[in-house]
Amino acid sequence: MSELLQELLRASEKAARIARACRQEEALFQLLIEEKKEDEKNKKFLTDFKTLADVLVQEVIKHDLGKKFPGLEKNVRGEESNEFTNELGEKIIVKVCSSEEETASLLQKVLDDNQLAAQTLARAVHQEVTLTDMALDAVKVTVPLDNIAVWVDPIDSTYQYIKGSGDIQPEAGIYPKGLQCVTVLIGVFLMDSGHPIMGVVNQPFAIKDPGTLQ
C-alpha cells in the first residue's frame, strides 16, 4: 500500500502550505500574532484563529485521505474539535467543501467576515500537490486498510509557530527553538492493537528561500 504513504506525504505537504500561508500572507498573519491590546474586543476571535489553523489542517488531511481511500476519513483522529461559534452565536462546522468558493464562504463566517483571509486559506486548501520521488515510488508497503486509523497533530510546537523566528542558528545541528521546530505530524496505527506502523513528519519551515527570505 505504497499509495497510502504517498497520500500521507501529499496531505502533509498541503497542510504545510496552509501553515506557511498563515505566517506569510499579511491578511492571515495579522490574525495570528498576539501583540494585541488587552481591551481589544475580538481577543477571543484571535485565540480562535490559532485554533482554526490547527483545525483546518486537520480537516484537510481527513478530507484528502478520504478522497483517495473512501471510508478512511472516519478513522482520522485529531486534537481539535471542528465546531466554532462566531460573533453572532452561530455554530459553524469547519470542513473542506466541494469547491474553493464554498470553502471560502464557510471560512468567512468563522473569520469575522474577513473575506481576504478566507479566500487565501481556501486557495491553499484546494491547491493540488504533486510530489515525485523515485525512492518513494519503489517502496512497497502492505497495510490492511480496514484495520488502520490515523492520528494527526496538525501544527506541533504552536508557540514557535506563532512567535518563533526563522533566523535561529542550529546548535550542533539541532534547532533549539524557532520556526524550524514546527512540524505537521501524521501517524498510522493498527486499530486492533494500537501499534504504530508508519508516519510522516513535515517541517514546513525547514528551509529559507535565499531570494524571498521566506
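Basis of the calculations
- Residues numbered from 1 in each chain as written.
- Predicted model: local features only at pLDDT ≥ 70, side-chain atom pairs only at ≥ 80, totals over all residues.
- Heavy atoms only, no water.
- UniProt positions renumbered as here; feature names shortened; annotations may be inferred.
- Helix = DSSP H or I, 4+ residues; strand = E, 2+ residues; numbered from the N terminus.
- Contact = heavy atoms within 4.5 Å.
- Salt bridge = Lys/Arg side-chain N within 4 Å of Asp/Glu carboxyl O.
- Buried < 20%, exposed > 50% of the residue type's maximum accessible area, 1.4 Å probe, protein only.

When the UniProt feature table is mapped to this numbering, "binding site: Mg(2+)" (unreviewed entry) covers Glu79, Asp153, Ile155 and Asp156. Judged by maximum C-alpha separation, these annotated positions cover 78 residues in sequence but sit close together in space, the widest gap being only 10.7 Å. Following the sequence through the fold, Glu79 ends up in the loop between β1 (76-78) and β2 (83-85). Apart from the residues within four sequence positions on either side, Glu79 is in contact with Gln58, Trp151, Val152, Asp153 and Pro154. Structurally, Asp156 can be placed in strand β4 (residues 148-156). When neighbours within four sequence positions are excluded, Asp156 is seen to be in contact with Cys181, Val182, Thr183 and Leu185.

What follows concerns the pattern of salt bridges. By the definition in use, this model includes 7 salt bridges. Between Arg17 and Glu13 there is a salt bridge, and its shortest N-O distance comes to 3.7 Å. Here Arg17 and its partner Glu13 are both found in helix α1 (residues 2-24), 4 residues apart, which amounts to about one turn of the helix. In this structure, Glu13 engages Arg20 in a salt bridge whose closest nitrogen and oxygen atoms are separated by 2.7 Å. Arg20 matches Glu13 in its accessibility class, with the two residues each being buried.

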